[in-house]
Amino acid sequence: METKNPTALKSEKKPIFRELDADDPNAETTIIESLCMNCHKDGETRIFLTKIPHFKDVMLMSFECQHCGYQNNEIQNAGKIEDKGIKIVLTVKSVSDLNRQVVKSDYTSICIPHLDFEIPSQSQKGEVTTVEGIIDRSINGLESDQEHRRIENPEIAEQIEQFLKKLKALKVVDEPYKIIFEDISGNTNVQNPNMPLKDDDCEIHYFKRTTQQNHTLGMYTENEDAILHPINEEEYPLEEIAGDVMTFPTNCPECNSPCETNMMMTKIPHFKEVVIMATVCEICGHKTNEVKSGSGIEPEGVKIEVTVNGKEDFSRDLLKSETCHMSIPEIELEVGPTTLGGRFTTVEGVISAIRNQLGTSTALTGDSADPLIADKMAKFIQQLDDILQGNKRITLILNDPAGNSYIQSLSDDGLDDRLKITKYCRTFEQNEELGINDMKVDDY
């Protein structure tokens, strides 16, 4: 699909992507004339910005040539590249799992270990599809040249025929099998049919990109080697930084307009130093608050459990780092580290943040809202409201492999009777997510 003349519009909207608003119910489809890659005549590309529930804004593009009938559908991320890559391991146990919606980017590789089958990254365009759609596309791709193979190389054609039978058997789901999605851009998502509850059949892991992977995404850093050198404490004394607000230019994570981020280092009593960053965009009004540890990764992970049983517990200070998993067993709630990011708030504040995030989800009000999921979400939000009103006793659990999360004790001497802190040794997989296994700190 190639754009021939982006200004030749057949709708009244201008061809400026940033003018498309995913939250605007009156948003129109932009139509532009494009050159068909099949017959090289003029066709039409339709562009529409929409929001995928529990995921993000995406740009859908659909091309159709009226002359030869050629069609092509693509999806592009309408936001930024994520800070980390993502690896999703889906266990397909029943035919219903084949209907899960999958959002994949250009950089998504797909692997089915059961068949030793892999679709390499950048071999296909990004798309919104289903698990069954991915299998069907693979089958169609292998079947397309079978007639020629039978004539030119019957032996290879027979091997592919046998493999096609195995691929088609995946759609019957006689036995469970895994599909692994790995995306260095972090813009891949597999639908959770149990939302807002945890998806037990889908494991999600985040990983730090290598320098080569950043280069593949077109991300380069000036003077990359200089980043490896430690900060000269004589040149930048900690005492001068702590307590002072520092401001530096950045781009808005929502609209990408230039804005400013305020940063301050402060110390949480009885805990450690943290860096608080706040960004406000004057263009779109988007606000972000983020907290990062000012002292690196702890030698051990930490699991903090607090029983919330009244207003006194709601007022506890709480630090959730960007590596912390949060859960409330009584309502089967599990929140991954990237959902809320790092933040310094209270117990009430973090529960309210979850409630507000779910309350504004397009799963409740969007055009693609599923009535069954919307009903489940509404009931789940009501449970959160009951908790915030003090009508339900819960246990709030923070599990942070990096050891950088904290909940305030109400006792002046150690832990109070409703707070429990357990430190543990990290697993190899947890160290892998934190990027510790390959970290080299000697001879620098």
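Residues numbered from 1 in each chain as written. Predicted model: local features only at pLDDT ≥ 70, side-chain atom pairs only at ≥ 80, totals over all residues. Heavy atoms only, no water.

Peer 1: Please clarify how unusual backbone geometry should be interpreted in this entry.
Peer 2: Backbone geometry follows two general trends: most residues other than glycine have a negative phi, and most peptide bonds adopt the trans configuration. One non-glycine residue, Asp116, adopts positive backbone phi at about 55°. Mapped onto the secondary structure, Asp116 falls in the loop between strand E8 (108–112) and strand E9 (117–119). The phi dihedral of Glu332 is positive, around 55°, even though this residue is not glycine. Structurally, Glu332 is set in the loop between strand E20 (325–328) and strand E21 (333–335). Here Glu332 falls in the exposed class, since its relative accessible area comes to 54%. (Helix = DSSP H or I, 4+ residues; strand = E, 2+ residues; numbered from the N terminus. Buried < 20%, exposed > 50% of the residue type's maximum accessible area, 1.4 Å probe, protein only.)

Peer 1: Could you clarify how one ought to interpret helix H3 (residues 154–169) in this entry?
Peer 2: Each full turn of the α-helix corresponds to 3.6 residues, which orients residues three or four apart in the same direction. Taking 1.5 Å of rise per residue, 16 residues should cover 22 Å, and H3 covers 23 Å from first to last C-alpha, within 8% of that figure. Of the positions making up H3, those classed as buried are Ala157, Ile160, Phe163, Leu164 and Leu167. Looking down the long axis of H3, one finds its buried residues gathered within 125° of arc, a one-sided arrangement. Exposed and facing more than 90 degrees away from the buried side of H3 are Glu155 and Gln159. As for H3, its buried residues are in contact with E9, helix H1 (131–143) and helix H2 (146–152). (Expected span 1.5 Å × (residues − 1). Arc of directions from axis to C-beta. Contact = heavy atoms within 4.5 Å.)

Peer 1: What is the right way to read the nonpolar core from this model?
Peer 2: Across soluble globular proteins, nonpolar side chains have a tendency to be buried as a group. Counting 31 residues, the largest nonpolar core has Met326, Ile351, Ile354, Leu384 and Leu396 as its most contacted members. Contact partners of Ile351, with chain neighbours within four places excluded, come to Phe314, Leu384, Ile387, Leu388 and Ile394. (Core = buried A, V, L, I, M, F, W, Y, C linked by side-chain atoms within 4.5 Å.)

Peer 1: Where do I start with the confidence of the model for the chain in this structure?
Peer 2: Interpretation of the predicted coordinates at a detailed level should be avoided for regions scoring low in pLDDT. Averaged over all residues, the pLDDT of the chain is 78; the fraction at 70 or higher stands at 80%. The low-confidence segment residues 1–26, where pLDDT is below 50, has 50 contacts with residues more than four positions distant or belonging to other chains. Low confidence marks residues 223–242, where pLDDT is under 50. Its contacts with residues over four positions away, or in another chain, come to 10 contacts. (pLDDT = per-residue confidence, 0-100.)

Peer 1: Is there a simple way to think about the pattern of salt bridges in this case?
Peer 2: Close approach of charged atoms allows side chains with opposite charge to pair. Scanning the entire structure with this criterion turns up 17 salt bridges. The residue Asp313 makes a salt bridge to Arg418 at a minimum N-O spacing of 3.1 Å. With Asp313 in helix H6 (residues 311–314) and Arg418 in the loop between strand E24 (406–407) and strand E25 (419–424), this residue pair connects regions lying 105 residues apart in the sequence. Where salt bridges share partners, they join Glu312, Asp313, Arg316, Asp416, Asp417 and Arg418 into one cluster. (Salt bridge = Lys/Arg side-chain N within 4 Å of Asp/Glu carboxyl O.)

Peer 1: What is the right way to look at the sheet that holds strand E13 (residues 202–207) in this model?
Peer 2: Where strands meet in a sheet, backbone hydrogen bonds hold them as pairs that are either parallel or antiparallel. A sheet is described by the order of its strands in space; here 5 strands give the open sequence E9-E8-E11-E6-E13, paired in antiparallel fashion. Strands at the two margins of the open sheet, each flanked by one partner only, are E9 and E13. Taking the axes of each pair of neighbouring strands and ignoring which way they run, one obtains an average angle of 15° across the sheet. Across 6 bridges, strand E6 (residues 85–92) lies against E13 in antiparallel orientation. Bridge pairing links Ile86 to Tyr206 in E13. (Pairing = 2+ DSSP bridges. Axes fitted to C-alpha atoms, helices over the stretch in contact; angles between N-to-C directions.)

Peer 1: Which parts of the structure should I look at to understand the pairing of strand E15 (residues 258–267)?
Peer 2: On a regular strand, one side chain projects to one face of the sheet and the next to the other, so that they alternate. The pairing of strand E14 (residues 246–251) with E15 spans 6 bridges and is classified as antiparallel. If you follow Asn251 over to E15, its bridge partner there is Pro258. Hairpin connection of E14 to E15: 6 residues between the antiparallel strands, including Asn256 at a positive phi of 65°. Relative to strand E16 (residues 273–280), E15 runs antiparallel, the two being bridged by 8 bridges. What sits directly across from Met264, in E16, is Ile276.

Peer 1: Just to check I follow, could you spell out the sheet that holds strand E12 (residues 189–190) for this structure?
Peer 2: Taking strand neighbours across the sheet as the criterion, the 3 strands line up as E10-E7-E12 in an open arrangement whose pairing is antiparallel. Either end of the sheet is taken by a strand with one partner, and the two such strands are strand E10 (127–130) and E12. Those strands touched by H1 are strand E7 (101–104) and E10, and its axis lies near 100° from that of E10.

Peer 1: Would you take a moment to explain the side chain of Arg209 for this structure?
Peer 2: Its place among the elements puts Arg209 in the loop between E13 and helix H4 (211–216). A distance of 2.7 Å separates a polar atom in the side chain of Arg209 from the backbone oxygen of Ile184. In terms of polar contacts, Arg209 uses its side chain to reach the side chain of Asn214, at 2.9 Å. (Polar contact = N/O pair within 3.5 Å; in protein donor to acceptor, adjacent residues only side chain to side chain.)

Peer 1: Help me understand the packing of aromatic side chains in this model?
Peer 2: Aromatic ring pairs are described here by two measures, namely the spacing of the ring centres and the angle between the planes. Across all of its chains, the model carries 2 aromatic pairs by this definition. Ring centres of Phe63 and Tyr70 lie 6.2 Å apart, and the angle between their planes is 55°; on these two criteria the pair is classed as tilted. Among the residues examined, Phe63 registers a relative accessible area of 1% and is labelled buried. Given a relative accessible area of 30%, Tyr70 falls into the partly exposed group. Their ring planes at 50° and their centres at 5.5 Å tell us that Phe117 and Phe163 sit as a pair that is tilted. Pair noted here: Phe117 is in strand E9 and Phe163 is in helix H3, with a separation of 46 residues, a long-range link. Both residues of the pair, Phe117 and Phe163, belong to the buried class. (Phe/Tyr/Trp six-rings, centres within 6.5 Å; stacked < 30°, edge-to-face > 60°.)

Peer 1: What is the right way to read the pairing of E20 from this model?
Peer 2: Here E20 pairs with strand E23 (residues 394–400) via 3 bridges, running antiparallel. In the strand pairing of E23, Met326 is matched with Leu398. Across 3 bridges, the pairing between E20 and E21 is antiparallel. Counted as the bridge partner of Ile328 is Leu333 from E21. As consecutive antiparallel partners, E20 and E21 are separated by 4 residues, and within that stretch Glu332 has a phi angle of approximately 55°, a positive value.

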